[in-house]
Amino acid sequence: MRNSFLFILCVSLATMITGCGNAVTPNATARTVVIGFDGMDPVLTERWMAEGKLPHFAALRSHGHYQRLATSNPPQSPVAWASFATGHGPGEHGIFDFLRRTPTSYAPDFSIAEQRAPEYALPFFGYRFPIGNGELLNRRDGVPFWVTAEQRGQRASILRVPVTYPPDPVSRMLSGMGVPDLLGTQGTYTMIATRRIAGAETGGRLVLAPVDEDGIVRASLPGPAHPLKPAAPPLAVPLELRPNGDGASLLIDGSPTELRLGVWSPWIKLRFSVGMFGSIPGMLRAYLVEGFPRPQLYLSPIQADPADPAMPISAPAGYAGRLEQRIGTFHTLGMPEETWALNQGHLGEQAWLETVKTTLTEGEAMLYDTLDRHDSELIVKVFVQTDRVSHMFWRGYDESHPLHAQSSALARGALEWIYSEADRVLGEVQNRLGPQDRLIILSDHGFGPFRRAANVNRWLADHGYLVYRSDAKSDQPLFDGVDWSRSRAYAIGLNGIYLNMQNREPQGSVAAADVPALKKELIAALREWRDPLDQSPVMQHVYDTADVYRGIHATEAPDLITGYATGFRASWQTTLGASPKEAIDDNRQLWSGDHCVDPALVPGVLFLNFAPVPTVQDIADISRLALATPAPLPKSGEP
């Protein structure tokens with residue numbers, strides 16, 4: 001009887017515990033599912049819906065709601081997605097560009113996240129031991145709507161949304177744009193080669209390694225900085241490359257991998273030793289561009305291992321590892337589609353598109369896993385592949401682009417392919433929705449051609465606003481050779497112009513009393529800027545940020561925002577403070593489409609399976625829509 005009593009008691013307790021567990025974590029039956037397709041353009045979407053090429057989007061428009069969605073000003077992804085998250089404009093959330101002005105200098109700085117080192121360190125036998133952990137900050141201010149949802153008792157799963165590094169404290173988050181590689185950059189790839197390669201050190205690194213007498217390439221792959229010896233060389237792992245038929249055998253950090261020519265390797269996991277203090281884990285993929293006797297090996301950026309991340313990439317901390325156990329290893333770098341490698345010709349079009357297909361497949365796996373688990377009332381996932389393919393292959397679509405005539409068949413079909421993939425993903429998502437689930441599909445902005453590159457700092461120099469010393473090389477970045485005592489304005493980033501203000505800039509020359517008049521003068525002159533090819537205007541509009549931004553961060557904004565006309569965009573040299581010889585050049589790079597123009601030219605899209613209450617005007621309204629009580633769609637025959 002005693003044993004029977006204990007058995008009944010155990011069964012009863014187990015039933016109670018199970019019941020309590022179900023009460024705490026019930027299945028989510030009425031979910032809000034938000035899917036972002038970065039850069040999805042309404043003109044292309046509407047065209048291909050009309051042609052029957054996007055059947056799932058067309059059906060959602062017919063049975064739900066569709067509209068064009070106004071974007072942020074400027075229409076850059078980090079700005080727009082920060083507005084999406086917080087429901088506020090840049091003046092409130094503080095993100096104005098990919099790059100920002102460093103307050104203590106004229107150098108550009110990354111705008112999304114900031115790593116502050118510990119204030120003190122203890123020197124000991126050549127090492128410097130930090131006192132404290134330092135601080136990792138997301139520069140986006142404001143409360144994202146998924147945090148509000150959690151405060152209201154909803155469980156949120158947020159997957160790869162831009163401007164979410166470090167992650168927010170919600171039920172599940174995997175950070176997106178903003179996550180660096182192990183070098184602390186936004187994605188630095190490595191070329192291992194026996195000879196110099198043009199442009200290999202622009203966006204990447206070149207490691208020269210000859211073929212030894214025994215036919216083996218031996219090299220050292222540099223990794224992260226030594227955490228306790230800042231002045232020491234970077235940590236590194238040994239690398240060997242041996243011929244193997246048409247391919248090669250790669251041995252890196254003791255891990256062997258067989259490589260086939262023109263085929264991506266699986267993930268290769270590494271550990272950078274710090275001696276007695278442990279090691280730093282990471283991972284990469286390899287691509288054999290050329291085989292022996294003159295091999296050329298492409299190594300992807302070294303990024304955090306989701307099973308053992310060297311940086312906070314998920315919330316809770318173990319979520320990335322648990323997700324990897326269910327769906328396999330995945331990219332963790334914030335911007336993993338290696339656009340600059342394609343732009344520089346270090347990856348071919350097919351190889352680069354394979355990376356896009358891989359990141360798309362990874363994104364689908366994590367989204368479907370989340371949908372099928374039914375453990376979140378709010379699910380948000382952003383797919384960036386529509387944006388990346390549009391950037392790199394617009395030349396194939398745009399018959400007026402300087403590179404269109406030489407575009408491959410692959411390039412000419414790439415945009416339609418990625419839109420059809422977005423349509424397929426939509427269908428898969430709809431198959432996983434329940435009758436009470438709300439679906440929000442949006443893009444942060446649209447797209448357009450990038451045919452001509454505007455060298456804004458050259459224009460400023462030509463008009464006397466930016467003055468160089470007589471011996472200066474103005475085509476160098478970081479304003480090398482500028483005479484700040486005589487300069488009144490300069491450009492940084494993709495849409496920003498700053499005045500060289502006294503008591504703000506290190507060598508400011510413009511008095512506060514002169515600011516309004518100088519702004520008006522610049523705006524009027526920039527609106528008259530014409531392309532010498534055909535006299536078309538370079539600017540659609542120029543904005544005085546004092547008129548368009550409100551909020552606690554408004555004073556951190558550029559003084560003017562450039563709204564480029566169709567076909568124009570700031571040059572890459574402009575973003576980093578250089579002044580090439582000509583004010584306008586042909587854009588002859590593969591990065592041929594863009595959206596950093598006047599926001600009126602590049603609205604996004606919005607699809608819903610319910611009525612938009614409250615009504616939606618721009619991307620900042622999505623947060624309120626996601627948190628609102630759902631409204632029914634009009635009955636058939638109703639307006």
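Computed from a prediction, not measured in an experiment: that's the story for all the values here. (Residues numbered from 1 in each chain as written. Predicted model: local features only at pLDDT ≥ 70, side-chain atom pairs only at ≥ 80, totals over all residues. Heavy atoms only, no water.)

**Considering the confidence of the model for the protein**
1) Next: Summary statistics for the protein give a mean pLDDT of 92 and a share of 95% for residues scoring 70 or more.
2) Next: Across residues 1-23, where pLDDT falls below 50, the model places zero contacts with residues more than four positions away in sequence or in other chains. (pLDDT = per-residue confidence, 0-100. Contact = heavy atoms within 4.5 Å.)

**So, the sheet that holds strand 21 (residues 314-315)**
Backbone hydrogen bonds hold the strands of a sheet together, and the pairing may be parallel or antiparallel.
1) Next: The strand order 2-32-23-1-22-9-10-21 describes an open sheet built from eight strands, whose pairing is mixed. Looking at which strands have only one partner, the edges of the open sheet turn out to be strand 2 (65-69) and strand 21.
2) Next: Alignment of strand 10 (residues 172-174) against strand 21, held across two bridges, turns out to be antiparallel. Note that in strand 21 the partner of Met-173 across the bridge is Ala-315. (Pairing = 2+ DSSP bridges. Helix = DSSP H or I, 4+ residues; strand = E, 2+ residues; numbered from the N terminus.)

**Some details on unusual backbone geometry**
1) Next: The omega torsion across Tyr-165 and Pro-166 is -5 degrees, close enough to zero to call that bond cis.
2) Next: In the segment running from Val-613 into Pro-614, the intervening peptide bond is cis, with an omega of 5 degrees.
3) Next: Within the secondary structure, Pro-614 sits in the loop between strand 32 (604-608) and helix 16 (622-627).

**A short note on the side chain of Thr-71**
1) Next: Its location among the elements puts Thr-71 in the loop between strand 2 and helix 4 (77-86).
2) Next: Of note is the side chain of Thr-71, whose polar atom sits 2.7 Å from the backbone oxygen of Asp-444.
3) Next: The residues touching Thr-71, leaving out its near neighbours within four places in the chain, are Ala-80, Asp-444, His-445, Pro-599, Val-602 and Ile-619. (Polar contact = N/O pair within 3.5 Å; in protein donor to acceptor, adjacent residues only side chain to side chain.)

**Overview of the packing of helix 9 (residues 349-373) against helix 10 (residues 385-397)**
1) Next: In the contact formed by helix 9 and helix 10, the axes pass within 10 Å of each other and the chain directions differ by 165 degrees. Between helix 9 and helix 10, the angle falls in the class roughly antiparallel. At the point where helix 9 passes helix 10, the crossing takes the left-handed sense. When helix 9 is examined against helix 10, the residues Glu-349, Trp-352, Leu-353, Val-356, Thr-359 and Leu-360 are found in contact with a partner set consisting of Gln-385, Arg-388, Val-389, Met-392, Phe-393 and Arg-395.
2) Next: Considered class by class, the residues forming the contact of helix 9 with helix 10 number seven nonpolar, two polar and three charged. (Axes fitted to C-alpha atoms, helices over the stretch in contact; angles between N-to-C directions. Parallel < 35°, antiparallel > 145°, perpendicular 65-115°, else oblique. Left-handed = near helix turned anticlockwise from the far one by under 90°. Nonpolar A, V, L, I, M, F, W, Y, C, P; charged D, E, K, R; others polar.)

**Focus on helix 4**
1) Next: Summarising burial for helix 4: 10 of the 10 residues are buried, a large majority.
2) Next: Where helix 4 is concerned, the buried positions are Ser-77, Pro-78, Val-79, Ala-80, Trp-81, Ala-82, Ser-83, Phe-84, Ala-85 and Thr-86.
3) Next: One or two positions beyond helix 4, positive phi appears at Gly-87, with a value near 80 degrees. (Buried < 20%, exposed > 50% of the residue type's maximum accessible area, 1.4 Å probe, protein only.)

**Some remarks on the environment of Tyr-468**
1) Next: Counting through the fold element by element, Tyr-468 comes out in the loop between helix 12 (456-462) and strand 25 (489-492).
2) Next: Residue classification places Tyr-468 among the buried residues on the basis of a relative accessible area of 15%.
3) Next: Separated by 111 residues in the primary sequence, Tyr-468 and Ser-579 place their C-alpha atoms 9.9 Å from one another.
4) Next: Setting aside anything within four residues of it in sequence, one finds Tyr-468 in contact with Ala-461, Ser-474, Asp-480, Gly-481, Val-482, Asp-483, Arg-486 and Ser-579.
5) Next: A distance of 2.5 Å separates the side chain of Tyr-468 from the side chain of Ser-579, its partner in a polar contact.

**Notes on the packing of aromatic side chains**
1) Next: Counting across every chain of the model gives 26 aromatic pairs.
2) Next: Between Trp-81 and Phe-84, the ring centres sit 5.0 Å apart and the planes meet at 90 degrees, which makes this aromatic pair edge-to-face. Here Trp-81 pairs with Phe-84, and both are found in helix 4, just three residues apart, close to one helical turn.
3) Next: Using a relative accessible area of 0% as the deciding quantity, one classes Trp-81 as buried.
4) Next: Every member of this aromatic cluster is reached through a ring pair, and the members are Phe-37, Phe-57, Tyr-66, Phe-383 and Phe-607. (Phe/Tyr/Trp six-rings, centres within 6.5 Å; stacked < 30°, edge-to-face > 60°.)

**Some words on the sheet that holds strand 12 (residues 204-208)**
1) Next: One open sheet holds the four strands; their spatial order is 12-11-20-19, and the pairing between them is mixed. At either margin of the open sheet sits one strand with a lone partner, and together these are strand 12 and strand 19 (286-290). Averaged over all pairs of adjacent strands, the angle between their axes in this sheet comes to 20 degrees, without regard to strand direction.
2) Next: Across four bridges, the pairing between strand 11 (residues 189-193) and strand 20 (residues 296-299) is antiparallel. When the bridges of strand 20 are listed, Ile-192 appears paired with Leu-297.

**Concerning the pattern of salt bridges**
1) Next: One pass over the structure, following the stated rule, counts 43 salt bridges.
2) Next: A salt bridge links Lys-269 to Glu-324; the shortest N-O distance between them is 2.9 Å. Linking Lys-269 in strand 17 (residues 268-273) with Glu-324 in helix 7 (residues 319-327), this pair joins segments that are 55 residues apart in sequence.
3) Next: Residue class for Lys-269 comes out partly exposed when judged on its relative accessible area of 32%.
4) Next: Between Glu-505 and Arg-504 there is a salt bridge; the shortest N-O distance is 2.9 Å. (Salt bridge = Lys/Arg side-chain N within 4 Å of Asp/Glu carboxyl O.)

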